[in-house]
Amino acid sequence: MSNFFIKRPIVAMVIAILTVIVGAVSIARLPVSQFPNIVPPEIQLLATYVGADAQTLEQSVATPIEQQINGVDRMNYMYSLNATGNSQTTVIVNFDVSTDPNNDLILTQSRQTQAASQLPVDVNNYGVTVQKSATAPLMLVGLYSPEGSRHAEFLANYAYINLNDPIGRLPGVGHAQVFGAAQYAMRLWVKPDCRRSGRRD
């Protein structure tokens, strides 16, 4: 086969030129993306039922929501997590990788609205949060005091005030969360039997 092209160089050059032209035309039509979608989008629903245990959360909150969300367009699967400690139900809905996350959010929120009438009053009063999310975090950032001059509560409060909201507003960030420590709080004691003495003229 090689002898054929050696004896006929013009044929070899014509085939090479045609190959280059076909390649140049084809490469311009290839779908190229700088950051292709390789992870299926996920929508997270978070509901709080104060004082309820995991079984009550599953029966009263998770089941009605899952029944309404089941069958939403281009959904792959969904699962729920019910925690007794914070009385919260988390429902994760996984969609096909080719779908638009914003469209998935709208479809999921409309289905959740249909389930609102079946949820307990306390859950509706507290509100159900629907947001785009990812099971695995994209990035974890650690705050520390180089000389140990600040304790964990101070660093967590600093992250809540100065970092959490700005990071959540960045393009492409769906959710930012602070782990490890609670926020500062203030406790007030009221003494109802204490009356302020006054004088009338």
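For the structure, check the block above.
Definitions and cut-offs
- Residues numbered from 1 in each chain as written.
- Predicted model: local features only at pLDDT ≥ 70, side-chain atom pairs only at ≥ 80, totals over all residues.
- Heavy atoms only, no water.
- Helix = DSSP H or I, 4+ residues; strand = E, 2+ residues; numbered from the N terminus.
- Rg over C-alpha atoms; globule rule 2.2 N^0.38 Å.
- Buried < 20%, exposed > 50% of the residue type's maximum accessible area, 1.4 Å probe, protein only.
- Contact = heavy atoms within 4.5 Å.
- Bend = angle between axes of the 7 residues up to and from the residue.
- Pairing = 2+ DSSP bridges.

Q: Help me get a handle on the overall build of the protein chain, residues and values and all.
A: The number of helices and strands found in the protein chain is 6 helices and 4 strands. Listed by position from the N terminus, the elements making up the protein chain come as α-α-β-α-β-β-α-α-β-α. Relative to the compact-globule value of 17 Å for 201 residues, the protein chain shows a C-alpha radius of gyration of 29 Å, a clear excess of over 25%. Oriented by its inertia axes, the alpha-carbon framework of the protein chain measures out at about 120 × 50 × 40 Å. Burial analysis of the protein chain (201 residues in total) assigns 23% to the buried set. The long-range share in the protein chain, meaning contacts at least 24 apart out of those at least 6 apart in sequence, stands at 66%.

Q: Summarise helix 3 (residues 54-69); cite the residues concerned and give the values.
A: Approximately 40° is the largest bend angle found in helix 3, and it occurs at Ala 62, with the proline Pro 64 only one to four residues beyond. Residues of helix 3 that are buried in the fold lie against strand 1 (42-48), strand 2 (75-83), strand 3 (88-95), helix 4 (101-114) and helix 5 (121-126). Phi for Gly 71, located one or two positions after helix 3, is positive at around 95°.

Q: Lay out the environment of Gly 168 in plain terms, naming residues and giving numbers.
A: Within the secondary structure layout, Gly 168 lies in helix 6 (residues 152-168). Exposure remark for Gly 168: the relative accessible area of 34% places this residue in the partly exposed category. If near-sequence neighbours (up to four positions away) are discounted, Gly 168 is found in contact with Val 173 and Ala 176.

Q: Summarise the pairing of strand 1; cite the residues concerned and give the values.
A: Counting buried residues in strand 1 gives 6 out of 7 residues, a clear majority hidden from the surface. Note: strand 1 against strand 3, 7 bridges, orientation antiparallel. Directly across from Gln 44, in strand 3, lies its bridge partner Ile 92. Pairing of strand 1 with strand 4 (residues 128-133), which is carried by 6 bridges, proceeds in the antiparallel orientation. Opposite Glu 42, over in strand 4, you have Ser 133 as the bridge partner.

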